[in-house]
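A structural walkthrough
Now for the letters of each chain:
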Amino acid sequence: QQQVKQSPQSLIVQKGGISIINCAYENTAFDYFPWYQQFPGKGPALLIAIRPDVSEKKEGRFTISFNKSAKQFSLHIMDSQPGDSATYFCAARHAGNMLTFGGGTRLMVKP
Amino acid sequence: NAGVMQNPRHLVRRRGQEARLRCSPMKGHSHVYWYRQLPEEGLKFMVYLQKENIIDESGMPKERFSAEFPKEGPSILRIQQVVRGDSAAYFCASSLDFYSGNTIYFGEGSWLTVV
């Protein structure tokens, strides 16, 4: 019940295209849903986050869409750039401040 | 502002040795979390500590692993008698307090290789 399932595992997008990564969860007690970006050899960096009382949040080229009834949320990267090539993790926070992470999506943006 | 500082960044240990990983949280942060990332996998929660207290260690293996966050000094994750399966990246994160834990900042990680 604590799992967060993320798809796809890998994604190749042309420069300028839209990258879409999806996550699904079961535990309705999750109350905060962040996305992290991780480059090789580096720690995860917070990209954008949303609470379940909001259906969409946009920051620059990054948008989170949240569907509470379906228990799904997704990250959209508009106008994808080669510099966006990284591994992206969705996560969900539950009691005690712990984050449960999805399995990650390795994004490659081709020039 | 210095971020979450972890050292060593890379550590090689032979099977049976001990590994000690250190984490200094962001300035003013009193909550520390340790996560483990196996190759090609997501991060898995291990332990949540406040100064001198373990709040939640539900993700810690029952044996060989321990963590502390003393009143003075960094948080330490200690792995005794390491085995090959302990090879992973260990990430420390910190937050200001429980309520601002919405923003949890991660360090650059410590990569442990057991040979």
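Residues and elements named next belong to chain B. Inspection of every chain in the model, using the stated rule, returns eight salt bridges over all chains. Here Arg20 ties to Glu18 by a salt bridge, and the two come within 2.8 Å at their closest N and O atoms. Its relative accessible area of 41% is what places Arg20 among the partly exposed residues. Here Asp86 makes a salt bridge to Arg64, at a shortest N to O gap of 2.7 Å. Residue Asp86 is located in the loop between strand S8 (75–79) and strand S9 (88–95), and its partner Arg64 is located in the loop between strand S6 (53–56) and strand S7 (65–68); the two are separated by 22 residues in the primary sequence. Judged by relative accessible area, Asp86 falls into the buried class, the value being 3%. Residue class for Arg64 comes out partly exposed when judged on its relative accessible area of 24%.

The subject of this paragraph is the side chain of His31(B). Residues and elements named next belong to chain B. With respect to the helices and strands, the residue His31 is situated in strand S4 (residues 31–37). Using a relative accessible area of 4% as the deciding quantity, one classes His31 as buried. Engagement of the side chain of His31 in a polar contact is seen with the side chain of Tyr48, the distance being 2.5 Å. In this structure the side chain of His31 is engaged in a polar contact, spanning 3.3 Å, whose partner is the side chain of Gln50.

It is worth spelling out the sheet that holds strand S3 (residues 19–24) of chain B at this point. Residue and element names in this part refer to chain B. Spatial ordering of the open sheet is given by S1-S3-S8-S7, a layout of four strands whose pairing is antiparallel. Single-partner strands in this sheet number two, and they are strand S1 (5–7) and S7. On average, each strand axis in the sheet is inclined to that of its neighbour by 15°, with strand direction left out of account.

With 23 residues of chain B at the contact, the number on the chain A side is 19 residues. Interface of chain B and chain A: buried area, both sides summed, is about 1700 Å²; carbon and sulfur atoms make up 50% of it. Along the contact surface separating chain B from chain A lie one salt bridge. Measuring nitrogen to oxygen at the nearest pair gives 3.3 Å for the salt bridge that ties Glu108(B) to Lys42(A). The tally of links from chain B across to chain A stands at six residue pairs in polar contact (both at pLDDT 80 or more). Residue assignment for the side of chain B that touches chain A shows that the elements contributing at least two residues are S4, strand S5 (43–50) and S9 of chain B. For the side of chain B that touches chain A, the residue count by class is 10 nonpolar, seven polar and six charged.

Rules used in this analysis
Residues numbered from 1 in each chain as written. Chains lettered and ligands numbered in written order. Predicted model: local features only at pLDDT ≥ 70, side-chain atom pairs only at ≥ 80, totals over all residues. Heavy atoms only, no water. Salt bridge = Lys/Arg side-chain N within 4 Å of Asp/Glu carboxyl O. Buried < 20%, exposed > 50% of the residue type's maximum accessible area, 1.4 Å probe, protein only. Helix = DSSP H or I, 4+ residues; strand = E, 2+ residues; numbered from the N terminus. Polar contact = N/O pair within 3.5 Å; in protein donor to acceptor, adjacent residues only side chain to side chain. Pairing = 2+ DSSP bridges. Axes fitted to C-alpha atoms, helices over the stretch in contact; angles between N-to-C directions. Contact = heavy atoms within 4.5 Å. Buried area = accessible area lost by both parts, 1.4 Å probe. Nonpolar A, V, L, I, M, F, W, Y, C, P; charged D, E, K, R; others polar.

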